[in-house]
Amino acid sequence: MKEEDEARLAKAAMKSLFVPAPESLKADLKRMARNRKPTPSIWDGLREALSGGAWAYGAGAAFAAAAIGVFILRAVPEREPSSGVASKPATRVEAVAPEALAGLWSDDDGEDNDEI
Amino acid sequence: MTRFKLAVALALAAVPLQAKPRTPLPDADALVLRALAGPATGYAAVERVQVFRPGQKPKALKVNIMALPGRVRREVLPSKKKMAPLVSVRELEKAEAGLARLRTMYEISVSTGGVVAKRKTWKIELRLRSGLLRRALWVDRDSGLLMKRETYRDDGSLARRERIVKLTLPAPVDPVTLKPDPSTGPWMPDGYVFAGESDGARRYSNGLESYELRRAGSKTVVLGDLAEDDAARVLGSDAK
C-alpha cells in the first residue's frame, strides 16, 4: 500500500513539473526553417557580380581591351621604319663585359698531359 | 765470322723485314675536308683551351662539347661556381668553303701526329706563304674529328692550344639540346662574344683575347688577336 502511494505521488510530481510547449513554438520553428536560405556559393556571387548590369559589361570589356593592348605592346618588338628596301631582320645583340668573361679563365701550368 | 756472329747479324737484318708497313699519309685536302666536316656520328667531349701570353702565366678553361653531324654545342664551364656557363650551339660551315679559305692563305702539309686522347692522329700544318707556321691541327685517323689545335705567333711561340682531353665517340646526343642560336651579326671564333661598340668599331672578346671590326674608308678591317683564317671568316660573314 505504501509503495502504491509513493508511486502515485511521484507521478503527480512529474505531472506538476511538465510544462506544455506553447502552441506557437512549432509554427515559429517551421517559419524559421522556411525563411532560412542556403549560403550563396563563391561562383554564384561571381556570376552575380559579372551579370550586374550593362555598366559591368562595359567596364569588363574596357579592362580586357587594355590588358590585351599592354600585352601586345610588350610582346612585339619595335619595328624600324620601313625604307622601302628589303633589309636583314633586325637583331639585337647584348654586349658582354670582357671582365665578366675573364672569370671563365683560371691559372694553368701550360702542360698538355692532362687527358682524362 | 763465327756462327754466333752470323746468327746475330741475320736476326738484326730480319727486324726491319718484320716491321709493319707504314700507313700511307692521306691527301692533305681530303684530310682537311674530313676535319672540317666532323665525325659522321654524335659525340661528347671535354676540351681544354689554354692561352699563352708573353710574360704572363698561362690561362685555361674547360669546355663540354656535344655534337651531332653538322652541329656542335659548346658549354664553357666557369672557374667560379657563381658564374653561369657560356653556351653556344652552332652549325658547321660547309667543309668546301672552309678548305677554299685555308687554301688561299696557307700551305697545307700532313704528317703523322701521335696519340691524342688515346686516339691515333694525323697532323696538319698550316704555313703562311712566308713559311711561318701559323696553326697545327691533329685529326683523328678514324673519325676525322679535330682532336687538337695549336696556334702560333709570328715569332713562332705558342699562343693558344685547344685539345680534347676526354672523348666518347659515338655518343647518344639529344637533338633538342642542339637547337642553333639565332644569327646575330658576323661570325665569331669559339668562345668570343660581342663586347661593345665605340668610335665606329665593334669589339669582340673571350675575356683574355680580343679583336675589333673597324670601318676604314669603304672597307672593314679586323684588328686584334686572330689568325688570318679566322679574320678572313669574320670579314666574309660581315660582308654578307
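Heads up: the structure comes first, above all this text.
Bear in mind that the values here come from a model prediction, so they are computed numbers and not experimental data.

Colleague: Got a minute to help me understand the overall build of chain B in this structure?
Modeller: From N to C terminus, chain B includes four helices and 13 strands. Among the 240 residues that make up chain B, the fraction classed as buried is 30%.

Colleague: Honestly, the interface of chain A and chain B in this entry has me stumped. Any pointers?
Modeller: Where interface size is given, it is often the accessible area lost as the parts come together that is meant. Of the residues lining the interface, 19 residues belong to chain A; the matching set on chain B comes to 32 residues. Those elements giving two or more residues to the side of chain A that touches chain B turn out to be α5 (98-102) and β1 (106-107) of chain A. Per element, the largest residue contribution to the side of chain A that touches chain B is three residues, and it comes from α5 of chain A. By residue class, the composition of the side of chain A that touches chain B is ten nonpolar, four polar and five charged. Sheet topology note: the β1 of chain A/strand β2 (residues 59-68) of chain B ladder contains two bridges and is antiparallel.

Colleague: Just checking my understanding: could you explain the sheet that holds strand β10 (residues 193-198) of chain B for this structure?
Modeller: Residue and element names in this part refer to chain B. Strand order in the open sheet formed by four strands is β10-β11-β12-β13, and the pairing between neighbours is antiparallel. Each having just a single partner strand, β10 and β13 (219-224) make up the two edges of the open sheet. Strand-to-strand twist in this sheet, taken as the mean axis angle between neighbours without regard to direction, amounts to 25 degrees. Pairing geometry for strand β11 (residues 201-205) and strand β12 (residues 210-216), over five bridges, is antiparallel. Each bridged residue has a counterpart across the sheet, and for Ser205 the counterpart in β12 is Ser210. Strand contacts of helix α4 (residues 228-239): β12 and β13, with the helix running at about 145 degrees to β13, the strand carrying the most contacts.

Colleague: Help me out: how do you make sense of helix α1 (residues 2-17) of chain A in this one?
Modeller: Side chains that are three or four residues apart share a direction in an α-helix, a result of its 3.6 residues per turn. For α1 of chain A, which comprises 16 residues, the first-to-last C-alpha distance of 23 Å matches the rise-based estimate of 22 Å (1.5 Å per residue) to within 8%. Of all 16 residues making up α1 of chain A, only zero are buried, and the element is barely covered by its neighbours.

Colleague: Got a minute to help me understand the packing of helix α3 (residues 95-105) of chain B against α4 of chain B in this structure?
Modeller: Residue and element names in this part refer to chain B. Where α3 contacts α4, the two axes come as close as 10 Å, and the packing angle between them is 125 degrees. Comparing their axes, α4 and α3 come out oblique. Here α3 and α4 pass one another in a crossing that is right-handed. Contact with α3, carried on its side by Arg101, Leu102 and Met105, involves Glu228, Asp229, Ala232 and Arg233 of α4 and no other residues of that element. Classifying every residue of the contact of α3 with α4 gives three nonpolar, no polar and four charged.

Colleague: What exactly am I supposed to notice about the environment of Arg163 of chain B here?
Modeller: By the element assignment, Arg163 of chain B lies in strand β9 (residues 158-168). As a C-alpha pair, Arg163 of chain B and Val46 of chain B span 117 residues in sequence and 8.5 Å in three-dimensional space.

Colleague: Hey, could you run me through the nonpolar core in this one?
Modeller: Here is a general trend for soluble globular proteins: nonpolar side chains tend to be buried in one another's company. Among the nonpolar cores identified, the biggest contains 25 residues, and Val32, Ala35, Ile124, Val139 and Met147 of chain B are the most heavily contacted of them. Of all the elements in the fold, those that place two or more residues in this core are α2 (28-37), β1 (43-51), β2, α3, β6 (119-127), β7 (133-140), β8 (146-152) and β9 of chain B. With four residues, α2 of chain B is the largest single contributor of residues to this core. With sequence-adjacent residues up to four places away left out, Val32 of chain B is seen in contact with Leu99, Leu102, Ile108 and Ile124 of chain B. The next biggest cluster of nonpolar side chains, apart from the first, holds 22 residues, and it includes Leu101 of chain A together with Val76, Ala195 and Tyr211 of chain B.

Rules used in this analysis
- Residues numbered from 1 in each chain as written.
- Chains lettered and ligands numbered in written order.
- Predicted model: local features only at pLDDT ≥ 70, side-chain atom pairs only at ≥ 80, totals over all residues.
- Helix = DSSP H or I, 4+ residues; strand = E, 2+ residues; numbered from the N terminus.
- Buried ≥ 20, exposed ≤ 12 C-beta atoms within 10 Å, placed from the backbone.
- Contact = placed C-beta atoms within 7 Å.
- Nonpolar A, V, L, I, M, F, W, Y, C, P; charged D, E, K, R; others polar.
- Pairing = 2+ DSSP bridges.
- Axes fitted to C-alpha atoms, helices over the stretch in contact; angles between N-to-C directions.
- Expected span 1.5 Å × (residues − 1).
- Parallel < 35°, antiparallel > 145°, perpendicular 65-115°, else oblique.
- Left-handed = near helix turned anticlockwise from the far one by under 90°.
- Core = buried A, V, L, I, M, F, W, Y, C linked by C-beta atoms within 7 Å.

By themselves, these figures tell us nothing about what the structure is for.
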